[in-house]
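Understanding the architecture of this molecule
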Amino acid sequence: LDVGADGSEVFSITITDENGAQTTSNLSITITGSNDAPVLDAITSPAAIEESTNAAAQALTANGTLSVSDVDANDTLTATAGTPTVMLNGVAFTLPEGAEDLIASGALSFGGTANSASGAANSITWSYSGTGDLDFLRDGQTLTLTFPVTVGDGAVDSNTQSITITITVTVT
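Described below are features of the structure shown in this document. (Residues numbered from 1 in each chain as written. Predicted model: local features only at pLDDT ≥ 70, side-chain atom pairs only at ≥ 80, totals over all residues. Heavy atoms only, no water.)

Some words on the overall build of the protein chain
Counted only if it meets this: Each helix is a run of DSSP H or I of at least 4 residues and each strand a run of E of at least 2, with the numbering of both proceeding from the N terminus. Here the globule rule is a power law, 2.2 Å times the number of residues to the power 0.38, and the radius of gyration is based on C-alpha atoms. The buried label goes to any residue with under 20% of its type's maximum accessible area, the exposed label to any with over 50%, and the partly exposed label to all in between, with areas taken from a 1.4 Å probe on protein chains only. Here, residues are in contact when the closest pair of their heavy atoms is within 4.5 Å. Working definition of accessibility: Shrake-Rupley area with a 1.4 Å probe, residue cover restricted to the visible protein chains.
Helix and strand content of the protein chain: 0 helices and 13 strands. Along the protein chain, from the amino end to the carboxyl end, the secondary structure elements read β-β-β-β-β-β-β-β-β-β-β-β-β. By the compact-globule yardstick of 16 Å for 172 residues, the protein chain is too spread out, its C-alpha radius of gyration being 26 Å. For the protein chain, the spread of C-alpha atoms along the principal axes amounts to about 95 × 30 × 25 Å. Residue burial in the protein chain is summarised as follows: out of 172 residues, 32% are buried. A sequence separation of at least 24 residues applies to 71% of the contacts in the protein chain between residues at least 6 apart. When the accessible area of the protein chain is evaluated, it comes to approximately 9,600 Å², of which 49% is carbon and sulfur surface.

Shown next, in the form of C-alpha cells:
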C-alpha cells in the first residue's frame, strides 16, 4: 500500500452453540500503508588500481552499478555519497597537498535515478574519477578511499553500503 492508503477486509464470523443457536458478527481489519525504506544491496568495489611509475598527476577511474529496490510503488530512488574516509595501510590518513582532489566533491558520481514501479531490483550506475599526486606513496603501501553510499526515496534513506577505491604500490 502507498503511504497513507488504507486497505480493509471484513470477515463474517458465525458461532453456533451446542443447541444449534447461531450468532453472526463482522470482524473488520484495516491496514494503513507506510513508507518503506529503499534497499541498497552490497556493493562490489572495483579491482585495485596500481600507482603509475610517475604518479605526480595520476588520473584514477572506476565505475560500477548499485542494485537498489523499494517495495513502495513509483518511488524515485536517488543515490548519495557521504564523506569518504582515507586509510593508508589500514590506518586513518589525511591526504597531502596535491592529492585532495581524490576525495573532492563530485569525485564519485551517480548516473541518474531508478524508479520502484514494481518493487523489483533496479540499477543506478556510479563512476569515480579523481586526479592527484600519488608520489607520496611508497612500495608496498595501500591507500583506500571509502565512500559511504545510501539510496533515498525522498522520505527515507536505505541502509549504508560502501564503495572502496584501492590504490596499491609495487615497485618493480
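Focus: the side chain of Q141
With respect to the helices and strands, Q141 occurs in the loop between β11 (122-132) and β12 (142-152). A relative accessible area of 17% means that Q141 is categorised as buried. Setting aside its immediate chain neighbours within four residues, Q141 contacts L88, N89, F136, I167, T168 and V169.

Some points on the nonpolar core
For the record, the criterion: By nonpolar core is meant a set of buried Ala, Val, Leu, Ile, Met, Phe, Trp, Tyr and Cys residues that side-chain atoms within 4.5 Å join together.
Among the nonpolar cores identified, the biggest contains 32 residues, and L66, L102, W126, Y128, L143, L145 and I165 are the most heavily contacted of them. Only β5 (58-69), β6 (76-81), β7 (85-88), β11, β12 and β13 (161-168) provide two or more residues apiece to this core. Looking at this core element by element, the count peaks at 5 residues for β12.

As for the sheet that holds strand β9 (residues 108-111)
This is how it is decided: DSSP bridges decide pairing: two strands pair if at least two such bridges lie between them.
Strands sit in the order β3-β5-β11-β9 across an open sheet of 4 strands; the sheet is antiparallel. Edge strands, defined here as strands with exactly one partner in the open sheet, are β3 (39-40) and β9. Pairing of β9 with β11, which is carried by 4 bridges, proceeds in the antiparallel orientation. Within β11, the residue paired with F110 across the bridge is W126.

Topic: unusual backbone geometry
One non-glycine residue, N89, lies in positive phi territory at about 55°. Note that N89 resides in the loop between β7 and β8 (91-92).

Everything listed here is a matter of coordinates, which is why it stays silent on function.
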